[in-house]
Amino acid sequence: MQKRMGEAVARVARKVNDTVENKTDSLDLANCKLMTFPVGIYKAMRSVTEGIHCISLANNELKSLTSRFVTTFSQLRELNLAGNYLHRLPEELTSLLHLRAINLSRNRFRHFPEPLAAVTTLETIDLEENEIAAAEEPGSGFPSVGLEEADGSWWSLKDVEVPVEKLASMASLRSLNLRANPVGPEMRLLVRPLVPFDVLLSPEEPSPKA
């Protein structure tokens, strides 16, 4: 086990050194068995952080993302955090004024990460394979807009665990991936032109026969 950990540390150091020496705009620390973002990287990369536009921390064991990470790599365009244990994002994420794509698939989010709704430059949000469901009770704080279903019943955007109206105001947003989440049937009504972006959902499972 110590040997594997030593190999992981060496791999991280090698990748960081390559990025610094070659002054590339990306840092790939995927599959490095990271439980936290190594503090030493901030010092090692202090001369190039402004030039880092893409970071991958996919397939690690991260349980949180710190505000220091966000404020240090303030010029990010793409951030891949897929395959970790994240369940929330820091409010400082709203300071990423150039972020275009974020991958949060295969994490532990039970609610839509609210800070994302304030990142107006986002074009794609990937939340596939999380635990985001319909709100347990109406009145979750989102503005109320009623929609009539085919059977004449009504539901409100308050009943959705995704801040649809906030996202609809994001001029750059093109795609929201919610596949493999236990979202309610009301999410299937959120299609263009009701919302100005594509909502990607898993195929609806057939109702069990009586």
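Relevant structure appears above.
Residues numbered from 1 in each chain as written. Predicted model: local features only at pLDDT ≥ 70, side-chain atom pairs only at ≥ 80, totals over all residues. Heavy atoms only, no water.

K.L.:
Whenever I open this one, the environment of Ala-133 confuses me. Can you help?
P.N.:
Tracing the sequence through the fold places Ala-133 in the loop between strand S5 (124-126) and strand S6 (146-148). Placed 29 residues apart in sequence, Ala-133 and Val-162 show a C-alpha to C-alpha distance of 8.7 Å. (Helix = DSSP H or I, 4+ residues; strand = E, 2+ residues; numbered from the N terminus.)

K.L.:
Help me out: how do you make sense of the pattern of salt bridges in this one?
P.N.:
Opposite charge on two side chains allows them to pair when their charged atoms are near. Under the defined criterion, the tally for this structure stands at three salt bridges. Of the charged contacts, one joins Lys-166 and Glu-114 as a salt bridge, the two residues approaching to 3.3 Å between their closest N and O atoms. Pair noted here: Lys-166 is in helix H4 (residues 164-168) and Glu-114 is in the loop between strand S4 (101-103) and S5, with a separation of 52 residues, a long-range link. For Lys-166, a relative accessible area of 38% corresponds to the partly exposed category. On the accessibility criterion, Glu-114 (32% relative accessible area) is partly exposed. Here Asp-198 ties to Arg-192 by a salt bridge, and the two come within 2.9 Å at their closest N and O atoms. Take Asp-198: its relative accessible area is 37%, and that puts it in the partly exposed class. Using a relative accessible area of 43% as the deciding quantity, one classes Arg-192 as partly exposed. (Salt bridge = Lys/Arg side-chain N within 4 Å of Asp/Glu carboxyl O. Buried < 20%, exposed > 50% of the residue type's maximum accessible area, 1.4 Å probe, protein only.)

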